[in-house]
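If you want the building blocks of each chain, they are given just below.
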Amino acid sequence: MPELLVAVPQAVENLQLPNPELLQFYQDEKDRTIWIEGEIDESLFEVSKLILKYNKEDKGIPVEDRTPIKLFIHSPGGNLDETLAFIALMGISKTPIWTINAGWAYSAAGLILMAGHNRFALPNSQCLIHSGSGGVGGSFEQAEAQMKNYKELVAKMREFILSKTTIDPKLFKKKNSSEWYISTEEMLANGIVDKICTDLDEIL
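Computed from a prediction, not measured in an experiment: that's the story for all the values here.

Caption draft 1: Looking closely at the layout of surface pockets. The calculated volume of the largest pocket comes to roughly 440 Å³. Lining the largest pocket are 20 residues, with Phe 25, Ile 34, Trp 35, Ile 36 and Val 47 sitting closest to its centre. Ranked by residues supplied to the lining of the largest pocket, first place goes to helix 3 (residues 44-57) with six residues. Here the lining of the largest pocket is built from residues that sort into nine nonpolar, three polar and eight charged.

Right, here's the structure in full:
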């Protein structure tokens, strides 16, 4: 039998497939799925833009009929000031925001987890609460102002944690002076999350 030859048009031959990561990004954006991974820094503002975008799209739709925004978290934490601004935005979002601890929700990432309207933890995920870390520089007056500002941010962080969880203030004071790693079961017991997810259909 003679070999079958198929002519491939030049346009098809030169076709470059889209970047799979880019395709995944647009699919996630359509599904309102956002991944918070790696260090938390100024790029968190891009997530703020998406939350504003979805709220704009949902304007006029009853809250109970809106498609939730899902934040999957796997992060060692990062900048406290940017995180506090972000969780304030989460708090006033009319479109429900679900937070899912998909591995690590350490430090600032733990605050984002707590700020969700519905909060989930995957089995064996962890949270970390601590007093944070920071540095100062410049002149004495500049360093003094920076330290004063940082103390105020830490006070806001503590107030937020106690308002969003059922952690006893005495336990918080005792644990907060060190690195407090919190297991999945402890997250549920202390009101950091509302549910341990044992069926992916609950969050997908």
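The rest of the description comes next.
Caption draft 2: Representation of the side chain of Thr 95 within the structure. One can find Thr 95 in the loop between helix 4 (80-92) and strand 3 (97-106). On the basis of relative accessible area, Thr 95 is assigned to the buried category, the value being 0%. Here Asp 58 takes part through its side chain, which lies 2.7 Å from a polar atom of the side chain of Thr 95. Residues contacting Thr 95, with those up to four places away along its chain left out, are Arg 32, Tyr 54, Asn 55, Asp 58, Arg 66, Thr 67, Ile 69 and His 117.

Caption draft 3: Structural context of the pattern of salt bridges. According to the stated counting rule, one finds eight salt bridges in the structure shown. Here Glu 152 ties to Lys 148 by a salt bridge, and the two come within 2.9 Å at their closest N and O atoms. Placement of both Glu 152 and Lys 148 in helix 6 (residues 140-164) is noted, with a separation of four residues, approximately one turn of the helix. Linked by salt bridges that have partners in common, Glu 29, Arg 32, Lys 53, Glu 57 and Asp 58 make up one network.

What counts and how
Counting restarts for each chain: residues are numbered from 1 in the order of the written sequence. Reporting in this predicted model follows two pLDDT cut-offs: at least 70 for local features of residues, and 80 or more for side-chain atom pairs to be given and counted; totals over whole chains, interfaces and linings ignore these cut-offs and use all residues. The side-chain numbers reported here are obtained from all heavy atoms of the structure, hydrogens and water having been left aside. Cavities and pockets were defined on a 1 Å grid built over protein atoms only: a cavity is a set of grid points that admits a 1.4 Å probe from which the probe cannot escape, a pocket is an open set flanked by protein on both sides within 12 Å along at least five of seven lines, and lining residues are those with an atom within 4 Å of any such point. Grid points are joined across faces, edges and corners, and a volume is the space filled by probe spheres set on the points. We count a stretch as a helix when DSSP gives it H or I for four or more residues in a row; a strand needs E for two or more, and each element gets its number in order from the N terminus. Residue type decides the class: Asp, Glu, Lys and Arg count as charged, Ala, Val, Leu, Ile, Met, Phe, Trp, Tyr, Cys and Pro as nonpolar, and the leftover types, Gly among them, as polar. The buried label goes to any residue with under 20% of its type's maximum accessible area, the exposed label to any with over 50%, and the partly exposed label to all in between, with areas taken from a 1.4 Å probe on protein chains only. N or O atoms closer than or at 3.5 Å make up a polar contact, with two conditions inside protein: a donor-capable atom paired with an acceptor-capable one, and, for residues adjacent in sequence, both atoms drawn from side chains. Here, residues are in contact when the closest pair of their heavy atoms is within 4.5 Å. Salt bridges are counted wherever a side-chain nitrogen of Lys or Arg sits within 4 Å of a carboxyl oxygen of Asp or Glu.

This is a description of form; function is not addressed.
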